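One letter stands for each residue in the lines below.
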Amino acid sequence: MTDDWRNRSLKDLYRLTGQIFSQLPALARLWGGAYRALSFDTVPFTPMRKPLTEARFALVTTGGVHRRDQPPFDMVDPRGDPTYRRIPADTPVADLTITHDYYDHTDAERDLNILFPLALMRSLAQHGIIGGVADCYSFMGHIEPPHLETLLRQTAPAVASFLKQEQVDAVLLTPA
Amino acid sequence: MGLIARIIEDAGISTICIVSLKPIAEQVRPPRTLHLAWPFGHPLGEPGNRAQQMTVLYAALHSLYFAEPGEILEPGWRWRRETYTIPAGWEV
């Protein structure tokens, strides 16, 4: 009972702050300044080996995008959902939707290119400006322990290995 | 998101992250970051503004070739009151 109440209150809080931060970026920056993320001294780095015109791209978002026929992200657990959805490169934009209660995605639903620019990337590929577009992946941001462990040890490495198998050269990541 | 970028980069794939919160990128240190202090849910800008979206995409994709490891690039574009044109050669 207590946990239920705690979970429900947390979700309400995240939903409210997410909506406020969507409207007031200055407040979001204050929150970001106080937020303790995992921190690192070193940076992994893979230089680009191909020119844009030959490079095969994928998108990865944490904005909760998924195909309408895929199960939505879990918004019941306040600690988040560390699973991912594969979004095939040729998915019609009309087949995509967003499940993520902690930010205002009204604008992104009107024009998904502002969050998940799959249509723009396909146009660039069709015009030979980039080499190609591979299958893309979507997560729901806002992942806390113990799910953070699952993301870092299982789901994100699984996505990385799919991208590798699919011979992706570069990935553009976009947040909620 | 930066954590996912680090894991993908570790697997041998170049990554570029667009972020709206610089302090988090400073802690997580994604391989390459394009920081735009814009509202959540709008990493490439406003709906219907193709020139703005293409400008951001152009900056992100080209930064893959010149950003230093861990660099946070800051073009400084304001959320509104900015005039964008589609980058040359990107009129698709």
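As shown above, the structure is provided for reference.
Quick caveat: nothing in here was measured; it's all calculated off a predicted structure.

The rules behind these values
Residues numbered from 1 in each chain as written. Chains lettered and ligands numbered in written order. Predicted model: local features only at pLDDT ≥ 70, side-chain atom pairs only at ≥ 80, totals over all residues. Heavy atoms only, no water. Phe/Tyr/Trp six-rings, centres within 6.5 Å; stacked < 30°, edge-to-face > 60°. Helix = DSSP H or I, 4+ residues; strand = E, 2+ residues; numbered from the N terminus. Buried < 20%, exposed > 50% of the residue type's maximum accessible area, 1.4 Å probe, protein only. Contact = heavy atoms within 4.5 Å. Salt bridge = Lys/Arg side-chain N within 4 Å of Asp/Glu carboxyl O. Nonpolar A, V, L, I, M, F, W, Y, C, P; charged D, E, K, R; others polar. Pairing = 2+ DSSP bridges.

Visitor: Honestly, the packing of aromatic side chains in this entry has me stumped. Any pointers?
Guide: One pair of aromatic rings is described through two measures. These are the centre distance and the angle between the planes. Taken as a whole and judged by the stated rule, the model has 7 aromatic pairs over all chains. Seen in terms of ring centroids, A:Tyr137 and A:Phe162 are 6.1 Å apart; in terms of plane orientation they differ by 5°. Their pairing is stacked. You can see A:Tyr137 sitting in strand S6 (residues 136-139) and its partner A:Phe162 sitting in helix H5 (residues 147-165), a full 25 residues away along the chain. Relative to B:Tyr84, the ring of B:Trp77 lies with its centre 6.1 Å away and its plane at 80°, an arrangement referred to as edge-to-face. Its relative accessible area of 13% is what places B:Tyr84 among the buried residues.

Visitor: Looking at this model, I keep getting lost on the interface of chain B and chain A. Mind explaining?
Guide: How big an interface is tends to be stated in terms of accessible area lost as the parts join. The interface is formed by 56 residues belonging to chain B together with 66 residues belonging to chain A. Where chain B touches chain A, the interface holds 0 salt bridges. Where the side of chain B that touches chain A is concerned, the elements lending two or more residues are helix H1 (2-10), strand S1 (14-19), helix H2 (22-28) and helix H3 (50-66) of chain B. No other element matches the 9 residues that H3(B) contributes to the side of chain B that touches chain A. Grouping the amino acids of the side of chain B that touches chain A by side-chain chemistry returns 35 nonpolar, 13 polar and 8 charged. The sheet contact formed by strand S7 (residues 170-174) of chain A and S1(B) spans 4 bridges and is parallel. Each bridged residue has a counterpart across the sheet, and for A:Ala170 the counterpart in S1(B) is B:Ser14.

Function cannot be read off these values alone, since they describe shape.
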